[in-house]
Amino acid sequence: MKVLLTGGRGLLGAPLAACLRADGADVRVTDVPEVDVTNGAAVRAVLDEFAPDVVVHLAAWTDVDACERDPERAHSVNAEGTRHVAEACVAAGARMLYVSTDYVFDGRSGAPYTEADTTRPLSAYGRSKLEGERHVRESGVGGWIVRCQSIYGRGKKSFADAILLRARAGEELRVVTDQTVCPTYADDLAALLSATVARAADGLYLAANTGACTWHEFARAVLDESGFAELPIAEITAADLGRDAPRPTNSRFDCSALESAAQHALRPWREALRDYLAAQRGSVPTATDAECDGGRS
Ligand SMILES: NC(=O)c1ccc[n+]([C@@H]2O[C@H](COP(=O)([O-])OP(=O)(O)OC[C@H]3O[C@@H](n4cnc5c(N)ncnc54)[C@H](OP(=O)(O)O)[C@@H]3O)[C@@H](O)[C@H]2O)c1
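A. Expanded view of the packing of aromatic side chains. Tallied over the full model, the rule gives eleven aromatic pairs. With 4.1 Å between their ring centres and 15° between their planes, F105 and Y113 make a pair best called stacked. Here F105 and Y113 have matching classes, each one buried. Taken together through their ring pairs, the aromatic side chains of Y152, F159, Y185, W215, F218, W269 and Y276 make up a single cluster. K2 extends its terminal NZ or CZ atom over the ring of F50, reaching a point 4.8 Å from the ring centre.

What follows is the structure, encoded as structure tokens:
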């Protein structure tokens with residue numbers, strides 16, 4: 001199977017390419033500048049040339065606060081870019097996996113979200129990703145829309161690394177208590193997405209490691225698992241942080257539909273975090289923008 005990734009050099013793209021290759025796929029990784037999804041002709045050209053069976057569309061402008069300040073650019077990359085990819089897939093006879101986000105929800109549900117829940121994005125980023133979903137559906141392309149969330153892993157802007165960097169530098173830690181998420185290890189999500197492409201019926205799905213916690217609880221777990229159990233973390237609220245874009249307060253997911261469709265279950269978030277930290281031990285964290293609420297989605 002030939003799989004093409006857009007935005008493939010980001011946080012999720014690197015482990016996904018590795019996972020797809022380990023599962024036997026011939027993978028082509030694209031990203032800016034060579035394949036900018038805002039350029040429909042460039043997208044069509046690479047699909048014509050590589051002739052993929054599946055396109056995993058990861059390319060997005062993921063800086064949620066910057067999207068709030070520049071909603072037109074968010075729309076251009078996340079909505080129009082997705083339309084270009086979906087239309088190119090239809091023309092090339094490829095299937096498409098579009099990675100979407102929990103930010104399509106308003107977070108006001110008291111229960112874990114399922115595929116049946118109503119969307120109501122709070123932010124320009126969430127609206128642009130939801131618009132991308134609409135373009136995928138309207139194009140008629142076959143495949144999957146998978147809403148993910150709260151991803152951490154090796155590489156840029158990872159929340160876990162940011163917390164560790166601050167702890168090692170002796171800086172004060174302040175993390176929000178009023179956002180509940182399902183922290184998701186990029187390597188685990190990559191394995192689930194590879195299984196999705198291999199086995200799942202077409203459709204809309206949610207994907208995350210199991211269980212949920214606040215960002216504060218996640219930061220606590222990062223420190224406890226890294227020898228910083230004695231280090232305090234101040235409790236703050238999203239309002240204290242004053243970010244440009246509002247975030248959902250509840251992003252709990254029920255992922256049973258995809259786990260069953262892909263025949264691949266994800267483990268509890270804390271177990272995944274332990275593995276991630278063990279794999280990172282001895283390496284120097286690369287995050288430079290220590291954040292207090294997970295930042296992106
Ligand atoms: N991270 C999360 O917690 C999270 C949660 C839910 C959903 N998602 C979704 O998951 C997907 C992958 O996210 P990620 O965390 O891997 O994000 P990421 O690290 O920001 O990767 C996205 C990649 O897309 C590239 N890109 C930006 N604009 C582009 C354009 N116009 N054309 C082509 N590529 C472009 C980025 O390049 P630059 O770095 O140079 O901009 C980056 O390499 C995204 O669709 C995101 O919306 C992420």
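On we go.
B. Looking closely at the pattern of salt bridges. Tallied over the full model, the rule gives 21 salt bridges. Put simply, R247 and D65 hold a salt bridge, and the shortest N to O gap is 2.8 Å. Of this pair, R247 sits in the loop between α9 (238-241) and α10 (256-261) while D65 sits in helix α3 (residues 64-69); the two residues are 182 residues apart in sequence, bridging distant segments of the chain. The two residues R247 and D65 agree in class, both being buried. Each of D65, R243 and R247 takes part in a single network of salt bridges with overlapping partners.

C. Examining the environment of Y205 more closely. Position of Y205 relative to the elements: it lies in strand β10 (residues 203-206). The spacing of Y205 and D254 is 49 residues in sequence and 9.6 Å in space, taken between C-alpha atoms. With residues near it in sequence (within four places) discarded, Y205 still touches E115, W144, I145, V146, R147, A200, A257, L258 and A261.

D. Spotlight on the pairing of strand β5 (residues 143-148). Within β5, six of the six residues are buried, leaving the element largely enclosed by the surrounding structure. Note on the crossover from strand β4 (residues 95-101) through helix α5 (residues 124-139) to β5: the handedness is right-handed. By the bridge criterion, four bridges tie β5 to β10 in an arrangement that is parallel. Of the residues in β10, the one forming a bridge with R147 is L206.

Rules behind the numbers
Residues numbered from 1 in each chain as written. Predicted model: local features only at pLDDT ≥ 70, side-chain atom pairs only at ≥ 80, totals over all residues. Heavy atoms only, no water. Phe/Tyr/Trp six-rings, centres within 6.5 Å; stacked < 30°, edge-to-face > 60°. Buried < 20%, exposed > 50% of the residue type's maximum accessible area, 1.4 Å probe, protein only. Lys NZ or Arg CZ within 6 Å of the ring centre and 35° of its normal. Salt bridge = Lys/Arg side-chain N within 4 Å of Asp/Glu carboxyl O. Helix = DSSP H or I, 4+ residues; strand = E, 2+ residues; numbered from the N terminus. Contact = heavy atoms within 4.5 Å. Right-handed = clockwise from strand over helix to strand, strands pointing away. Pairing = 2+ DSSP bridges.

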